[in-house]
Amino acid sequence: MLTETYGYIRVSSADQNEDRQLVAMEGLAIPQGNLFIDKQSGKDFDRPNYQKMVGVLKKGDLLYIKSIDRLGRNYEEILNQWRILTKEKEVDIAVLDMELLDTRRDKNLLGTFIADLVLQVLSFVAQSERETIRKRQAEGIAAAKARGVRFGKKPKEVPRNFGELVKKWERKQIKTAEMLELCDMCRTTFYVKLNEYKLLNK
């Protein structure tokens with residue numbers, strides 16, 4: 001059976017660039033049609049091109065990935081996918097950033113044990129780092145809110161002569177479209193600000 005070489009690349013969003021991973025795979029003799037790219041979060045493996053790739057991989061094929069976190073972000077899911085690829089589909093995997101994670105090396109019990117151990121440690125560390133970052137972000141946001149920092153869009157300010165404009169608008173001296181243009185507001189925002197103004201000036 002003819003074996004083939006594949007490459008898998010993942011970036012977390014459509015606006016991120018995959019060039020760094022593409023450069024890393026140059027010279028690996030990966031046929032153009034065998035390079036699969038997903039621009040999607042690594043939170044799970046429900047990614048169209050990853051699933052398409054798994055569907056065509058067969059026993060003895062070789063899969064290159066730049067680093068273990070390109071495969072995924074979830075510790076248990078990474079281990080599960082590694083098991084599916086290497087044990088069930090009997091595919092070889094080479095992680096370019098980590099020479100020990102190359103299933104072609106030392107295809108004996110000790111070699112397999114070392115690769116599995118390194119994979120588990122790396123996956124656990126990667127997930128722990130992500131959880132620490134999320135925790136620090138949450139703590140930072142909570143501390144900022146406690147200091148009175150407001151998040152989101154800055155509330156739209158009314159013009160200084162808003163009261164005069166409202167009076168003219170109520171007397172029908174200014175049309176609604178002109179009023180919106182003078183206040184630089186959409187219709188919804190205008191009526192919100194109008195209600196606020198009337199409550200403050202009862």
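Coordinates for the structure precede this section.
The following paragraphs examine the structure supplied in this document. (Residues numbered from 1 in each chain as written. Predicted model: local features only at pLDDT ≥ 70, side-chain atom pairs only at ≥ 80, totals over all residues. Heavy atoms only, no water.)

### Some words on the overall build of the chain
Here is step 1: Helix and strand content of the chain: eight helices and four strands.
Here is step 2: Order of helices (α) and strands (β) in the chain, N terminus to C terminus: β-α-β-α-β-α-α-β-α-α-α-α.
Here is step 3: Here the chain holds 202 residues, and 33% of them are scored as buried.
Here is step 4: Taking the contacts inside the chain whose residues are at least 6 apart along the sequence as the reference set, 63% of them involve residues at least 24 apart.
Here is step 5: Surface accessibility of the chain: about 13,500 Å² in total, with carbon and sulfur atoms responsible for 52%. (Helix = DSSP H or I, 4+ residues; strand = E, 2+ residues; numbered from the N terminus. Buried < 20%, exposed > 50% of the residue type's maximum accessible area, 1.4 Å probe, protein only. Contact = heavy atoms within 4.5 Å. Areas by Shrake-Rupley, 256 points an atom, 1.4 Å probe, with all protein chains shown as cover.)

### Considerations on the pattern of salt bridges
Here is step 1: Counting across every chain of the model gives nine salt bridges.
Here is step 2: Here Arg-104 ties to Asp-102 by a salt bridge, and the two come within 2.8 Å at their closest N and O atoms.
Here is step 3: Judged by its relative accessible area of 39%, Arg-104 falls in the partly exposed class.
Here is step 4: Connected through shared salt-bridge partners, Glu-4, Lys-58 and Asp-61 make up one network. (Salt bridge = Lys/Arg side-chain N within 4 Å of Asp/Glu carboxyl O.)

### Details of the packing of aromatic side chains
Here is step 1: Under the definition given, this model contains seven aromatic pairs.
Here is step 2: Following the ring pairs from residue to residue traces out a cluster consisting of Phe-162, Trp-169, Phe-190, Tyr-191 and Tyr-197.
Here is step 3: Against the face of Tyr-50 rests Arg-47, its NZ or CZ located 5.5 Å from the ring centre. (Phe/Tyr/Trp six-rings, centres within 6.5 Å; stacked < 30°, edge-to-face > 60°. Lys NZ or Arg CZ within 6 Å of the ring centre and 35° of its normal.)

### Observations concerning helix 8 (residues 187–200)
Here is step 1: Here helix 8 contains 14 residues, and its C-alpha end-to-end distance of 20 Å stays within 8% of the 20 Å for a straight helix at 1.5 Å per residue.
Here is step 2: Looking only at helix 8, the buried set comprises Phe-190, Lys-193 and Leu-194. Buried residues in helix 8, looked at end-on, bunch into an arc of 110°, giving them a common side. Set apart from the buried face of helix 8 by more than 90 degrees, the exposed residues are Thr-188 and Leu-199. (Expected span 1.5 Å × (residues − 1). Arc of directions from axis to C-beta.)

### So, the side chain of Thr-103
Here is step 1: Among the structural elements, Thr-103 can be located in the loop between strand 4 (92–95) and helix 5 (109–146).
Here is step 2: Residue Thr-103 is classed as buried on the basis of its relative accessible area, which comes to 15%.
Here is step 3: For Thr-103, the side chain forms a polar contact with the side chain of Asp-92, separated by 2.7 Å.
Here is step 4: A polar side-chain atom of Thr-103 sits 2.9 Å from the main-chain amide nitrogen of Ile-93.
Here is step 5: When residues no more than four places from it in sequence are discounted, the contact partners of Thr-103 are Trp-82, Thr-86, Val-91, Asp-92 and Ile-93. (Polar contact = N/O pair within 3.5 Å; in protein donor to acceptor, adjacent residues only side chain to side chain.)

### Here we look at the pairing of strand 4
Here is step 1: Burial along strand 4 is two-sided: the face carrying Asp-92 and Ala-94 and the face carrying Ile-93 and Val-95 are both buried.
Here is step 2: Both strand 3 (residues 62–65) and strand 4 contribute to a ladder of four bridges, which runs parallel. Within the sheet, the bridge partner assigned to Leu-62 lies in strand 4 and is Asp-92. (Pairing = 2+ DSSP bridges.)

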